[in-house]
Amino acid sequence: METRMVPRSLSMQAASILTSTMDVLIYPSTHAHAPTVQLLLSSILVPHYLPQIISPDVLAAPESPWRTACGLLVLLSAPDHHAGVRQYTEAGGRILALGVNASRSQGLFGLHETTSSFGSVGAGLGLVKDTSILRLVDGKASLHLSFPSHAPTPATVNHDERETTITRISSASLDLGDGARVLGRYADDKTLAGALSESGTIALWSCAPPLPEQLLIPTLSALGLGFDFPKSADSQRPGLSVLPQLLLAHPKKWDIRRRIVHALFPDRDLETALSTLTVEDNTHKVTTTESAVFPDEQDIFQFHFAREIIALDLPSDHPILTLLSGQPKEEVKDVILTAQPLTAEQEKHYTPFFSPTAFFAALDEFRPTREGDELLMGDVLLYGEVVTSTQTMLDKNPKFLRALPSPLLSLATKQVAGRGRGKNAWLSPPGSMLISLKLSIPLKSVGSGNELRSVEPKNLVFIQHLFALAVFEACQALDPANEWAAKIKLKWPNDIYGEFPAEETWKRVELKKLGGILVHNSLGRNTTDLIIGCGLNVLNEPPIGSLAQLEALTRGQGAPSSLTVERVTAAVLTAFERSWNLFLAEESQGFRPFMDQYTSAWLHSGQTVTLTTTTPHTTVRIVGITDHGFLRTEPLGGGQYIDLQPDGNSFDMLKGLIKIKS
């Protein structure tokens, strides 16, 4: 192979455009009320759906993948190009149109009898020529939608024996026949204000956006969207309130919690509190010793030392709240320390969605030997059933982060503000593994003398690759026969994908995103605190892809899964621990010892993509990863390598494009 010149670099961030769950898309981005509608939908649907605003260009692009991940399309005006929206609805996609004027005609291409109100139409088949009018198929009929621009006036809607104030567009009306389900009528003239189409997939409201919550919630429910919101709009929403976390440890390392408490509160004598804790299963009374408060930059942490723990007949919104020393406060992150590991009976009440006992047992299963007193990955566990974000809690609270031991695992069943790369959100539908791992490691420097178990700053970029590889290896450990683990693939630099049977006959497989990795560094003088976040779909139900679904393809639908979040997390941690130790032992070689294994598992060998970051655009072939963690590409027409740094771009595999991230 000929010698190449020194490569040129482009600043890029390779983050997948796909999300871990279904999107709710609000169109168009140019509408004045689009941000308000997005906020309102987010308050109701997150974390089950991710409301996002979509631009006219993206909606119109024939190669755009928006339809494959869209759970609901919200229309605030008519799209300029109708074909994509029609294809979406004809495939069963759901529509919510606000501020709409709508009528129904029999036949898929029938003319409505009041065509004058819809602009010009053609002869013959009656195809609508005016792009301001959208025709959608609804069963064996057609719906004709337009969006008047007249100024709205205050009005009242009757629904479910209640009244709600809205703003009405006088020129907008709904003429849908007898098959539509009534969602609301105007109080003054009893005409239709909101309705669900006969097919049940298109909801229409003639009042102006945004739609009030009292009307929006039952509408979303009528469309079949699943979310944790009370059916009655008059009910007080319990929401996804953050719950207290438990500071736990492997039974063989249980006393490590004393060291943590001492690091957080060095001037307070809490030995008595910790030493007098007892566990009781036969009482309804819960008392706690003194609590201790640790304020930091973003959060206030309050530690509670539970003296008595009960496991039966708990009269509380959530049993874990009975272990607090007072009423929970929204602005405080509560952390509970128990005297002893929870029993199996207690876990059913206090941690019903995650078993610490099963997790620690799985660590021992995948790590059969334990030597010395060294603290190993997973030995210290901070678990919360519902948290804001495992990642944010650590990287936005530097004093708290520095005081915690290394390694420490933060794990949650559900996040209400999960994070992905850049500005992306990471949602947490039920069944996901949601973790952040804290590691502290000395930095190599000239004359520092810390050559053992230290890392050069330039090699920190490879940690996301190492963790992705650990997920791949964990799947192999969970599936020794390699029946479904062979379908796990890595996307540079930080995504996990699975190969599923394709719905389209022309495709061999369909790639679904299963997880992602996010790494943050908090640099000190001679040490860095790493926070490695990972979200992985384990037991999630379709349409979200998950490991359990891959497993079901080999075992058959209906067969019980051998996977649990506890075992998958333990397998990932122990796999990463082995790679991490090898990485530190051979740190001078960077990622080279892992390169062959990584590239054998990734999606990009020989892949051809188009760089829209160059002028003119350049078609290149992916050839590997450089010693600096850049993606190395080779122009098809010859010339220098073009190396792509993992910051600042979007890698769109569906389109075969690498572009500057907007």
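Treat the numbers as computed from the prediction; the structure is a model and nothing was measured.

A. Structural view of helix α5 (residues 256-264). Among all positions in α5, only Ile-256, Arg-257, Ile-260, Val-261 and Leu-264 are buried. End-on, the buried residues of α5 take up no more than an arc of 145°, which puts them together on one face.

B. Focus on the pairing of strand β25 (residues 527-537). Extensive coverage of β25 is indicated by the burial of ten of its eleven residues. Here eleven bridges tie strand β21 (residues 432-442) to β25, and the two strands are oriented antiparallel to one another. Bridging from a neighbouring strand, Leu-437 pairs with Ile-532 of β25. Between strand β24 (residues 509-523) and β25, which follow one another and run antiparallel, lie three residues.

C. Just the pairing of strand β9 (residues 153-159), in detail. Where β9 meets strand β10 (residues 162-168), seven bridges bridge the pair, whose relative direction is antiparallel. By the bridge assignment for β10, His-159 is matched with Arg-162. Between β9 and β10, which follow one another and run antiparallel, lie two residues, and Asp-160 among them has a positive phi close to 50°. Of the pairings in the sheet, the one linking β9 to strand β12 (residues 181-186) comprises two bridges and is antiparallel in character. Directly across from Val-157, in β12, lies its bridge partner Tyr-186.

D. Expanded view of the pattern of salt bridges. This structure, assessed with the given rule, holds 17 salt bridges. Close ionic contact of Arg-104 with Asp-138 constitutes a salt bridge, the shortest N to O distance being 3.9 Å. Separated by 34 residues along the polypeptide, Arg-104 in strand β6 (residues 101-106) and Asp-138 in strand β7 (residues 134-138) bring together distant segments of the chain. Here the two residues Arg-104 and Asp-138 agree in accessibility, since each one is buried. Ionic contacts of the salt-bridge type, sharing partners, join the residues Arg-104, Asp-138 and Glu-198 into one network.

E. Examining helix α3 (residues 83-90) more closely. Those residues of α3 that fall on the buried side of the exposure criterion are Gly-84, Val-85, Arg-86, Tyr-88 and Thr-89. For α3, the secondary structure elements touched by its buried residues are α2 (56-60), β4 (70-75), β5 (95-98) and β7. Looking one or two residues beyond α3, the residue adopting positive phi is Gly-92, at roughly 100°.

F. Expanded view of the environment of Ser-605. With respect to the secondary-structure elements, Ser-605 resides in the loop between α14 (592-601) and β26 (608-611). Engagement of the side chain of Ser-605 in a polar contact is seen with the side chain of Trp-602, the distance being 3.0 Å.

G. How the structure looks around the sheet that holds β25. Judged by pairing direction, the sheet is mixed, and its eleven strands sit side by side in the order β16-β17-β18-β15-β19-β20-β21-β25-β24-β23-β22 without closing on themselves. Taken across any chain shown, the strands that pair with only one partner, and hence form the sheet edges, are β16 (292-295) and β22 (488-491). The mean angle between the axes of side-by-side strands here comes to 25°, regardless of whether they run parallel or antiparallel.

H. Layout of the packing of helix α1 (residues 34-45) against helix α4 (residues 213-222). Between α1 and α4, whose axes approach to 11 Å, the crossing angle comes to 60°. As far as their axial angle goes, α4 and α1 are oblique. Regarding α1 and α4, the two cross each other, and that crossing is right-handed. Of the residues in α4, those touching α1 at Leu-40, Leu-41, Ser-43, Ile-44 and Leu-45 are Glu-213, Leu-216, Ile-217 and Leu-220. Residue composition of the contact of α1 with α4, grouped by class: seven nonpolar, one polar and one charged.

I. Here's a closer look at the sheet that holds strand β11 (residues 174-175). The four strands lie next to each other as β7-β8-β6-β11, forming an open sheet whose pairing is mixed. A single partner strand is all that each edge strand has here, and the edge strands are β7 and β11. When β6 meets strand β8 (residues 141-146), the two strands line up antiparallel, connected through six bridges. Looking across to β8, one finds that Ser-103 is bridged to His-144.

J. Layout of the environment of Asn-526. Following the sequence through the fold, Asn-526 ends up in the loop between β24 and β25. Asn-526 gets classed as partly exposed once you look at its relative accessible area, which sits at 43%. Spatially, the C-alpha atoms of Asn-526 and Ile-441 are 8.8 Å apart, while their sequence positions differ by 85 residues.

K. Examining the packing of helix α8 (residues 356-366) against helix α13 (residues 565-585) more closely. Remark: α8 packs on α13, axes separated minimally by 8 Å, with the N-to-C direction vectors making an angle of 40°. As the angle between them shows, α8 and α13 are arranged oblique. At the point where α8 passes α13, the crossing takes the right-handed sense. Contacts between α8 and α13 involve Ala-358, Phe-359, Ala-362, Leu-363, Glu-365 and Phe-366 from the first element and Glu-566, Arg-567, Thr-569, Ala-570, Ala-571, Leu-573, Thr-574 and Arg-578 from the second. Taken together, the residues of the contact of α8 with α13 sort by class into eight nonpolar, two polar and four charged.

L. Representation of the side chain of Asn-540. Topologically, Asn-540 is positioned in the loop between β25 and α12 (547-555). Of note is the side chain of Asn-540, whose polar atom sits 3.1 Å from the side chain of Ser-432.

Rules used in this analysis
Residues numbered from 1 in each chain as written. Predicted model: local features only at pLDDT ≥ 70, side-chain atom pairs only at ≥ 80, totals over all residues. Heavy atoms only, no water. Buried < 20%, exposed > 50% of the residue type's maximum accessible area, 1.4 Å probe, protein only. Helix = DSSP H or I, 4+ residues; strand = E, 2+ residues; numbered from the N terminus. Arc of directions from axis to C-beta. Pairing = 2+ DSSP bridges. Salt bridge = Lys/Arg side-chain N within 4 Å of Asp/Glu carboxyl O. Contact = heavy atoms within 4.5 Å. Polar contact = N/O pair within 3.5 Å; in protein donor to acceptor, adjacent residues only side chain to side chain. Axes fitted to C-alpha atoms, helices over the stretch in contact; angles between N-to-C directions. Parallel < 35°, antiparallel > 145°, perpendicular 65-115°, else oblique. Left-handed = near helix turned anticlockwise from the far one by under 90°. Nonpolar A, V, L, I, M, F, W, Y, C, P; charged D, E, K, R; others polar.

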